[in-house]
Amino acid sequence: MIRCKLVETIHPDDTQVGTRVGRAVSGDVLSLGRAAACKIYLPDRRIRLEHALIRRAEDGALYLDATGPLLVDQKTQTSVRLVVG
């Protein structure tokens, strides 16, 4: 089971001041994207409907697996091990 806290900054208008809202997200696999079924919904037209998955490997590490290329640490990748920081 993967558990995380998702923190979103909501801007009610075009000002720089926003409100931070946190919510817990959990599941065996966390899906990210614009699709309504995604655990982590990202309402941005640049994001694919099913953009990526966060999964736990057998060794306990978390991986981000994308459906297409992602820019991570200035490198194009489709799968990357997630680490704190």
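Notes on the structure in this doc start here. Please read these numbers as outputs of a predicted model, since none were measured by experiment.

Structural notes on the overall build of the protein
Here comes step 1: Counting secondary structure elements, the protein contains zero helices and seven strands.
Here comes step 2: The order of α-helices and β-strands along the protein, N terminus first, is β-β-β-β-β-β-β.
Here comes step 3: C-alpha atoms of the protein, sized along the principal axes, occupy 45 × 30 × 25 Å.
Here comes step 4: By residue count, 28% of the 85 residues in the protein fall in the buried class.
Here comes step 5: Long-range contacts, defined here as pairs at least 24 residues apart, represent 14% of the contacts in the protein between residues at least 6 apart.

Let's talk about the environment of Asp 44
Here comes step 1: With respect to the helices, strands and loops of the structure, Asp 44 is situated in the loop between strand E4 (40-41) and strand E5 (52-56).
Here comes step 2: Under the relative-accessibility criterion, Asp 44 is labelled partly exposed at 25%.
Here comes step 3: For the pair formed by Asp 44 and Leu 82, sequence separation is 38 residues and the distance between their alpha carbons is 23 Å.

A word on the sheet that holds strand E7 (residues 75-82)
Here comes step 1: Strands sit in the order E4-E3-E5-E6-E7 across an open sheet of five strands; the sheet is mixed. The sheet is open, and its two borders are formed by E4 and E7, each paired with just one other strand.
Here comes step 2: Sheet topology note: the strand E3 (residues 29-33)/E4 ladder contains two bridges and is parallel. Bridge assignment links Gly 33 to a residue of E4, and that residue is Tyr 41.

Points about the environment of Ile 40
Here comes step 1: Looking at the element boundaries, Ile 40 is found in strand E4.
Here comes step 2: Remark: the alpha-carbon pair of Ile 40 and Val 29, spanning 11 residues in sequence, is separated by 11 Å.

Side note on the side chain of Asp 65
Here comes step 1: With respect to the helices and strands, Asp 65 occurs in strand E6 (residues 62-72).
Here comes step 2: With residues near it in sequence (within four places) discarded, Asp 65 still touches Ala 52, Leu 53, Arg 55, Thr 78 and Ser 79.

Observations regarding the pairing of E6
Here comes step 1: Summarising the sheet, E5 and E6 pair through five bridges and their orientation is antiparallel. Counterpart to Arg 55 in the pairing with E6 is Tyr 63.
Here comes step 2: The turn linking E5 back onto E6 is made up of five residues, and Gly 60 within it adopts a positive phi angle of 95 degrees.
Here comes step 3: Summarising the sheet, E6 and E7 pair through seven bridges and their orientation is antiparallel. The partner of Asp 65 across the bridge, within E7, is Ser 79.
Here comes step 4: The turn joining E6 and E7, which pair antiparallel and follow one another in sequence, is formed by two residues; a positive phi near 50 degrees is taken by Asp 73.

Analysis parameters
- Residues numbered from 1 in each chain as written.
- Predicted model: local features only at pLDDT ≥ 70, side-chain atom pairs only at ≥ 80, totals over all residues.
- Heavy atoms only, no water.
- Helix = DSSP H or I, 4+ residues; strand = E, 2+ residues; numbered from the N terminus.
- Buried < 20%, exposed > 50% of the residue type's maximum accessible area, 1.4 Å probe, protein only.
- Contact = heavy atoms within 4.5 Å.
- Pairing = 2+ DSSP bridges.

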